[in-house]
Amino acid sequence: VPQVLGIWELDLKSSVLPATFPLASETRSYDLRSDGYVANLVIRKLANGRPDFIQIVPRSDGKDYPQYQSGPLAEFQVNGTRTPYTYAETIVDDSSVSIVAKFGGRVINKGIRRVSADGKTMTIEVVNIAPNGQEQTPFTLVFKRVSV
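The rules behind the values
- Residues numbered from 1 in each chain as written.
- Predicted model: local features only at pLDDT ≥ 70, side-chain atom pairs only at ≥ 80, totals over all residues.
- Heavy atoms only, no water.
- Helix = DSSP H or I, 4+ residues; strand = E, 2+ residues; numbered from the N terminus.
- Rg over C-alpha atoms; globule rule 2.2 N^0.38 Å.
- Phe/Tyr/Trp six-rings, centres within 6.5 Å; stacked < 30°, edge-to-face > 60°.
- Lys NZ or Arg CZ within 6 Å of the ring centre and 35° of its normal.
- Pairing = 2+ DSSP bridges.
- Axes fitted to C-alpha atoms, helices over the stretch in contact; angles between N-to-C directions.
- Salt bridge = Lys/Arg side-chain N within 4 Å of Asp/Glu carboxyl O.
- Core = buried A, V, L, I, M, F, W, Y, C linked by side-chain atoms within 4.5 Å.
- Buried < 20%, exposed > 50% of the residue type's maximum accessible area, 1.4 Å probe, protein only.
- Contact = heavy atoms within 4.5 Å.
- Polar contact = N/O pair within 3.5 Å; in protein donor to acceptor, adjacent residues only side chain to side chain.

A. Quick peek at the overall build of the chain. Along the chain, the regular secondary structure elements total one helix and 10 strands. Reading the secondary structure of the chain in the N-to-C direction produces β-β-β-β-β-α-β-β-β-β-β. A compact globule built from 148 residues would reach a C-alpha radius of gyration of about 15 Å, and the chain, at 15 Å, matches this within 12%. Dimensions of the chain along its principal axes, counting C-alpha atoms only, are 45 × 40 × 30 Å.

B. Region of the structure containing the packing of aromatic side chains. Counted by the stated rule, this structure contains four aromatic pairs. Taking the ring centre of Y37 as reference, the NZ or CZ of R59 above it sits at 4.3 Å.

C. Structural view of the sheet that holds strand 5 (residues 65-69). Taken together, the 10 strands give a closed barrel; going around it, the order is 1-2-3-4-5-6-7-8-9-10, and neighbouring strands pair in antiparallel fashion. Taking the axes of each pair of neighbouring strands and ignoring which way they run, one obtains an average angle of 25 degrees across the sheet. Here nine bridges tie strand 9 (residues 121-129) to strand 10 (residues 136-147), and the two strands are oriented antiparallel to one another. The partner of T121 across the bridge, within strand 10, is K144.

D. Looking closely at the pattern of salt bridges. Summed over the entire model, instances satisfying the criterion amount to six salt bridges. Residues E26 and R44 are paired through a salt bridge, measuring 2.5 Å at the closest nitrogen-oxygen approach. Here E26, found in strand 2 (residues 23-32), pairs with R44, found in strand 3 (residues 38-46); they are 18 residues apart in sequence, far enough to count as distant. A salt bridge links E125 to R114; its shortest N-O distance comes to 3.3 Å.

E. Main features of the nonpolar core. Residues W8, Y30, M122, I124, L141 and F143 are the most contacted members of the largest nonpolar core, which totals 20 residues. Elements with a minimum of two residues in this core: strand 1 (6-10), strand 2, strand 3, strand 4 (51-56), strand 7 (96-103), strand 9 and strand 10.

F. Structural detail: the side chain of S29. Looking at where S29 falls in the secondary structure, it is placed in strand 2. By relative accessible area, S29 is classed as buried at 16%. With sequence-adjacent residues up to four places away left out, S29 is seen in contact with G6, I7, A39, N40 and L41.

G. Molecular detail of the environment of T27. As for its position among the elements, T27 is in strand 2. On the basis of relative accessibility, which here comes to 24%, the residue T27 falls in the partly exposed class. Along the chain, T27 and R145 lie 118 residues apart, while their C-alpha atoms are 9.9 Å from each other. If sequence neighbours within four positions are ignored, T27 has contacts with I7, W8, E9, L41, V42 and I43. A polar contact is formed between the side chain of T27 and the side chain of E9, at a distance of 2.8 Å.

H. Inspection of the pairing of strand 1 at higher detail. On strand 1, burial follows the alternation: G6, W8 and L10 on one face are buried, whereas I7 and E9 on the facing-out side are not. Examined bridge by bridge, strand 1 and strand 2 share four bridges and lie antiparallel to one another. Within strand 2, the position partnered with E9 by the bridge is T27. As paired strands, strand 1 and strand 10 are joined by four bridges and run antiparallel to one another. By the bridge assignment, E9 is partnered in strand 10 with K144.

Encoded structure:
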């Protein structure tokens with residue numbers, strides 16, 4: 001059973017975010033389905049007050065899975081357009097997975113999601129990769145477990 005299961009709240013003070021990532025709050029839930037997929041729902045509030053979400057339902061097998069957010073989901077609902085975003089994760093060890101997010105097949109960020117030994121903290125260390133592939137902006141999201 002993945003250690004990440006449960007509900008997590010972003011600790012903004014412990015996180016390191018670039019100024020171009022205007023995040024005011026974030027809650028993540030990870031729920032294991034009976035078929036082995038982990039349903040991951042991210043609820044965000046941006047600094048301008050606008051809410052957003054991300055939903056991904058992957059396995060930790062390194063394969064790309066569709067990632068939905070408000071814009072791509074609206075396009076899917078109205079026009080049947082598949083999301084250009086995908087997400088993949090691969091198990092590193094008992095408490096960590098390697099993550100890769102893509103847009104239109106191009107890697108836009110990659111990193112590691114790690115749960116602490118005591119299970120109370122989740123850290124996501126990522127580098128955002130610019131379209132030119134050269135510029136990489138690191139950021140770190142630190143979460144505290146709210147419930148299992």
